[in-house]
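Reading the structure
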Amino acid sequence: MNKKKLITKKDVWLSIIIPIIISLFTSTIFCTNYLNLFAHFGIEKFQIEYADQCRTNYDITNALVYYGIIGERDSKYAPYANLACAQIHNEQQQYKKALEFYQKAVVSNDIRILSSCMNFVINQMNYSTNKKDSLNLFEDENIRFVVELMNKINELSPETFKDYKIDFPIDESFVNEYLNPDSKITINRTYWKYDYTLVDTDGSLAHVKDNERLDYVTSWDESLNSTSFDTVTKYKYYHYVLETENKDVSTLNAIQDSLSEYQTIDNKPIKAALEEFENQNSTNK
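Residues numbered from 1 in each chain as written. Predicted model: local features only at pLDDT ≥ 70, side-chain atom pairs only at ≥ 80, totals over all residues. Heavy atoms only, no water.

1. Details of the overall build of the protein chain
- A tally of helices and strands in the protein chain yields 11 helices and 4 strands.
- Residues counted as buried form 36% of the 285 residues belonging to the protein chain.
- Within the protein chain, contacts between residues at least 6 apart in sequence are counted, and of these 62% link residues at least 24 apart.
- For the protein chain, the accessible surface area stands at approximately 17,800 Å², while carbon and sulfur atoms represent 50% of it. (Helix = DSSP H or I, 4+ residues; strand = E, 2+ residues; numbered from the N terminus. Buried < 20%, exposed > 50% of the residue type's maximum accessible area, 1.4 Å probe, protein only. Contact = heavy atoms within 4.5 Å. Areas by Shrake-Rupley, 256 points an atom, 1.4 Å probe, with all protein chains shown as cover.)

Okay, here's the thing in structure tokens:
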């Protein structure tokens, strides 16, 4: 006769209890809260993902906590985290706190971050005449920030303000004189203005001359008539003429227009924003 094996407490733990505990622990780790858990342990990769997730889910409190932690580190992600904090505070109309984080973010050489900072400055200067809670950016410390910001944008991208009569590097006097809602600045630019569209059967008409150019756009085949299988190729061109513009415009609007060419990174995950910047730099080398 075979003797039945007695089930001991050890067997119960090994075969039932411990697997249940492991299962519960594993499900906790890999559920939607796993980022929170690893972020709490100080792992930067997970802190970045968790901060972005919190911002997406409108959990502003935790987003600010973890962006703030990342922003205090000597990390390539720090300027992006500080920009995120600045934008959140700006959205909450906490402009003084937003400015603190914009000032931290300008250490970056990413022109998109600097553009976001400058747009904040311009908006505050526009608000200054009609909003009680707007910042006074004409205080000495704030003026120095604006001067540093504009000079850095020009240093990284000299083409940005090339159409305006601005003598770089600027100083505090430029901010006081030109960066208010009523100030004007002279725009002096030459550009190609669209004139008309040309369709022709000649595919060799594209040209560039001193004051006008004809650009090839596309081509297609058309039937000669409804009863024929014969076709003719037609070519489409755009004609441009060289125009010169010289006029006074709002300084704040002019600066904002110049910065509009840079893609915004507002609300973009900070890891993705950094990767875009690094990829662009490697392409330009």
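2. Thoughts on the confidence of the model for the protein chain
- Residues at a pLDDT of 70 or more form 84% of the protein chain, whose mean pLDDT is 85.
- Note on residues 27–31: pLDDT is under 50 here. Beyond four places in sequence and across chains, it has 4 contacts. (pLDDT = per-residue confidence, 0-100.)

3. Notes on the sheet that holds strand β4 (residues 231–250)
- Ordered in space as β1-β4-β3-β2, the 4 strands form an open sheet in which the pairing is antiparallel. Here the strands that pair on one side only, and so sit at the sheet edges, are β1 (184–200) and β2 (207–208).
- Bridge analysis of strand β3 (residues 212–223) against β4 gives 11 bridges, and the strand direction is antiparallel. Residue pairing for β4: D221 is matched across the bridge by T233.
- Along the sheet, helix α10 (residues 251–259) makes contact with β1 and β4, crossing β4 at roughly 145°. (Pairing = 2+ DSSP bridges. Axes fitted to C-alpha atoms, helices over the stretch in contact; angles between N-to-C directions.)

4. What about empty space enclosed by the protein?
- Applying the stated criterion to the full structure yields 1 cavity of 30 Å³ or more.
- Around the largest cavity sit R55, Y80, L83, A84, Q87, I265, K268, I270 and A273, which together line it.
- In terms of residue count, the dominant contributor to the lining of the largest cavity is helix α5 (residues 78–91) (4 residues). (1 Å grid on protein atoms, 1.4 Å probe; cavity = no way out; pocket = protein on both sides within 12 Å on 5 of 7 lines; lining within 4 Å. Points joined across faces, edges and corners; volume = space filled by probe spheres on them.)

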